[in-house]
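# Chain and residue survey
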Amino acid sequence: MSDIAIKFENVSKQYRLGSIGTGTLSHDLNRWWIMNVQGKPDPYLKIGQVNDRENKSTSEYVWALNDINFEVKQGEVLGIIGKNGAGKSTLLKILSRVTTPSTGKITAKGRIASLLEVGTGFHPEMTGRENIFMNGSIMGMTKTEIKSKLDEIVDFAGVEKYLDTPVKRYSSGMTVRLGFAIAAHLEPEILVVDEVLAVGDAEFQKKAIGRMQHVSQTQGRTVLFVSHNMQAITNLCSRVVLLNRGGVAMDSDPVNVIRNYLMFESLKEGSITWNEETALGDSIIKLLSIKLQGEDNFVRSHFFSNSIIRVQLEFMIEKLDDDLVVGFDILDENNSIILRTYHNDGHPENWPKLKLGFNKIACDLPAGFFNSGTYYISPKFSLHFKKWIINSDPLLSFEVEINHGVSPFWNRISKSNRPGSSAMILPWKVNDNEE
Amino acid sequence: MANSSNEWDLIIEPRGSLFKLNLKEVWKYKDLLEMYIKRDIVTFYKQTILGPLWFFIQPIFTTVVFMFVFGGLAGIPTDGIPQPLFYLSGICLWNYFSDSLIKTSDTFYLNQAVFGKVYFPRLVVPISVTISGLLKMLIQFILFIGVYVYFVAKGTHIGINYYALLFPVLIFILAGLGLAFGIIVSSMTTKYRDLKFLVAFAVQLWMYFTPVIYPLSVMEGSYKKYMWLIQANPLTAVLETFKYGFLGKGSFSWFSLGYSFAFTIILLFIGTIIFNRVERSFMDVV
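Residues numbered from 1 in each chain as written. Chains lettered and ligands numbered in written order. Predicted model: local features only at pLDDT ≥ 70, side-chain atom pairs only at ≥ 80, totals over all residues. Heavy atoms only, no water.

### With respect to the interface of chain A and chain B
Interfaces are frequently sized by the accessible area removed from exposure as the parts join. Each partner contributes to the interface: chain A provides 52 residues, whereas chain B provides 39 residues. For the pair chain A and chain B, the summed buried surface comes to about 4100 Å²; carbon and sulfur atoms form 60% of the total. The largest share of the area that chain A buries against chain B comes from A:Arg97, A:Val98 and A:Ile138, three residues that together contribute 16% of it. In this structure, A:Arg97 and B:Glu25 form a salt bridge, with 3.7 Å as the shortest nitrogen-oxygen distance. Along the contact surface separating chain A from chain B lie two residue pairs in polar contact (both at pLDDT 80 or more). Only strand E1 (4–16), helix H1 (24–37), helix H2 (88–95), strand E5 (103–108), strand E6 (112–115) and helix H3 (128–138) of chain A provide two or more residues apiece to the side of chain A that touches chain B. (Contact = heavy atoms within 4.5 Å. Buried area = accessible area lost by both parts, 1.4 Å probe. Salt bridge = Lys/Arg side-chain N within 4 Å of Asp/Glu carboxyl O. Polar contact = N/O pair within 3.5 Å; in protein donor to acceptor, adjacent residues only side chain to side chain. Helix = DSSP H or I, 4+ residues; strand = E, 2+ residues; numbered from the N terminus.)

See below:
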């Protein structure tokens, strides 16, 4: 027997955009006629196009998945990452047989259980115990299996006191814990997990990750794990597949794929440009573009915190004015300003010289400054003490994934153990300059 | 690495075979079937005062109303059968059929949340609905027996005979027809929802084409022209056989019962095919 657990062969999935109800009966009839009477392949499959959220589709049909080919080995923990709309969930839905592929074939060995959403089929009126049996059997367990695992499940979820209380009286956290506990004790040969870790408190998330590791390492089960949480992916997975526009963009070890994902996935983002007509500003100065670059000069919106973030401004000066001040604010997720910076903050010798016509200046936000999070940039142009020229809302966002520090204590500084927007490492010393 | 096809436990492909009924898989999920039945019954009377008594209230009141309207005002004869028995038997049987049909006809729509997340043979759900409905029907049948015993004790002559033993067959036909029509409608309403409105309405009218409130003999007397319509109705034989067996009135023929039975089997077969077809991809259209 080969050690392949799941095999995807040319799997594609097509969706029809827009409303399903109206105007489709004719398509249905036409499709039926061509396929079943004339015996030709589905005509509407041909005009589908690649799923790309950024460009509005011109076709009514779209490929959510396009020719997916890969294999998953037994006992492997495979991470699947990609932007929203890249096809991750569709892939899992097909794998868990909620929907079927349009073309292609998936073959698998062993029982597949999915955690597309935990607590599926919970009935609010039924007690925790009844729901364990209900949910367990929906997931494909038999009654005897559930009975033998009941204590473990209850213990894992931490709900023994509420076992005979209707689930509608549970807190949402308890419901999720119970749901996950059932799923975690399913013992399928293949476990499919989609973003469940987004819910529950930190302690529970830890427990959940531990359980997934346990399942894969000690019991040799195969796990497919879809998440936006790169930290979790790095910790858990032995291999990562990157999906982009419904296709496999990369398939390699986690560090490699995640680095590439953060670097190239968002190449197109991380900049905003205007043309002469739409440019912000007035008759003195017009803002043409803001670009975010890393050390490698690629424009992007995802950064690791050990890289500088270069904010480059391009603008056109139509009337030179000595009072002209160019700068921007950085805001955090709560819309509060973290810092404001102007081109003439420093010593006049170090100011970039502004000239009539086209200007391109840049400001480097130092490496190691930001904590993980999403940040926003809003340009601030003014005539000093006279008037605002550009004083806009945030126009551009970027994300930082924390990845700096050499301390053995904090080599995993993360948003969860380090509050605040800045995670800058500051010098500490024994203060011996006493008076 | 030679992968012979039988090495795989699971093969996911765009289209399954048309005539693969998946019944084996349904059997594999029999524990789930049991849970669904339990759920239907348990949640039915949670937070109600009268609880299971509701199973009795509905047929009693309907019978009383029928006695006034059809028996009293309209003066439709009941073949000499005491009115409460006549109406009660019709109501029990008819309600089981119509409940099964209407409740299963929403299967995909009502369960899309669950169906969208986990795979199990979807047929489990409508089957469980039909079976939990059966329990309700049997409870109502006890009521019927009660009334029956009352009339016998009062000295009314009621000619029960061996044909009453066909009761399980009648139940099977009712359940099968309700389920089959229900899953067909359910499969069709995932895409075109209009059908749902039509069904509630059609079932209501259907009752008048079935000898529920009138004996077949009366219909034969008044509207001989339309008898073929009543005869073609697979439910006619069920109600007539029941009344013939338990109450000694009405008509019985092996031919019409056989027709109903065959009709049920064929419809179940077609329904399962359609249902299985839709269950594979309904998430994309619901």
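### Focus on helix H9 (residues 194–206) of chain B
Taking 1.5 Å per residue, 13 residues should reach 18 Å; H9(B) reaches 18 Å between its end C-alpha atoms and fits that length. Taken together, the buried positions of H9(B) are B:Val199, B:Val203 and B:Trp206. (Expected span 1.5 Å × (residues − 1). Buried < 20%, exposed > 50% of the residue type's maximum accessible area, 1.4 Å probe, protein only.)

### Regarding the environment of A:Ser382
Along the chain, A:Ser382 falls in strand E19 (residues 373–383). Discounting residues that sit within four places of it in the chain, A:Ser382 has contacts with A:Asp323, A:Leu324, A:Val325, A:Lys387, A:Trp388 and A:Ile389.

### A closer look at unusual backbone geometry
Residues and elements named next belong to chain A. Its identity is not glycine, yet Asn297 carries a phi of approximately 70°, on the positive side. Structurally, Asn297 can be placed in the loop between strand E13 (285–293) and strand E14 (302–304). A relative accessible area of 47% means that Asn297 is categorised as partly exposed. In the Ramachandran plot, Phe385 falls in the positive-phi region, its phi being about 60° despite a non-glycine side chain. One can find Phe385 in the loop between E19 and strand E20 (387–391).

### Quick word on the nonpolar core
Ranked by size, the top nonpolar core spans 123 residues in total, and within it A:Ile81, A:Ile132, A:Phe225, B:Tyr36, B:Phe120, B:Phe144 and B:Phe246 carry the most contacts. The element contributing the most residues to this core is helix H8 (residues 167–189) of chain B, with 12 residues. In this view, B:Phe144 contacts B:Leu85, B:Leu88, B:Ser89, B:Phe242, B:Phe246 and B:Leu247; residues no more than four positions away in its chain are not counted. The next biggest cluster of nonpolar side chains, apart from the first, holds 32 residues, and it includes A:Phe328, A:Ile330, A:Ile361 and A:Val400. (Core = buried A, V, L, I, M, F, W, Y, C linked by side-chain atoms within 4.5 Å.)

### Some points on the packing of aromatic side chains
Scanning the model with the defined rule gives 37 aromatic pairs over all chains in all. For the ring pair B:Phe141 and B:Phe167, a centre distance of 4.4 Å and an interplane angle of 20° mean the geometry is stacked. Separated by 26 residues along the polypeptide, B:Phe141 in helix H7 (residues 124–153) and B:Phe167 in helix H8 bring together distant segments of the chain. Judged on exposure class, the residue B:Phe141 and its partner B:Phe167 are both buried. Since its relative accessible area comes to 12%, B:Phe167 is described here as buried. Each residue in the set B:Phe141, B:Phe144, B:Tyr148, B:Phe167, B:Phe242 and B:Phe246 is aromatic and connected to the rest through ring pairs, giving one cluster. Cation over ring: A:Lys13 sits above A:Tyr15, and NZ or CZ is 5.2 Å from the ring centre. Between B:Lys243 and the ring centre of B:Phe86, over which it is positioned, the NZ or CZ distance is 4.0 Å. (Phe/Tyr/Trp six-rings, centres within 6.5 Å; stacked < 30°, edge-to-face > 60°. Lys NZ or Arg CZ within 6 Å of the ring centre and 35° of its normal.)

### Quick look at the side chain of B:Glu279
All names here are of chain B. Structurally, Glu279 can be placed in helix H13 (residues 254–279). No salt bridge is formed by the buried Glu279; its nearest oppositely charged neighbour, Arg122, is found at 5.1 Å. At a separation of 3.2 Å, a polar atom in the side chain of Glu279 contacts the main-chain amide nitrogen of Arg122. In contact with Glu279, not counting residues within four places along its chain, are Asn22, Phe108, Tyr119, Pro121, Arg122 and Leu123. (Lys, Arg positive; Asp, Glu negative; His and termini not counted.)

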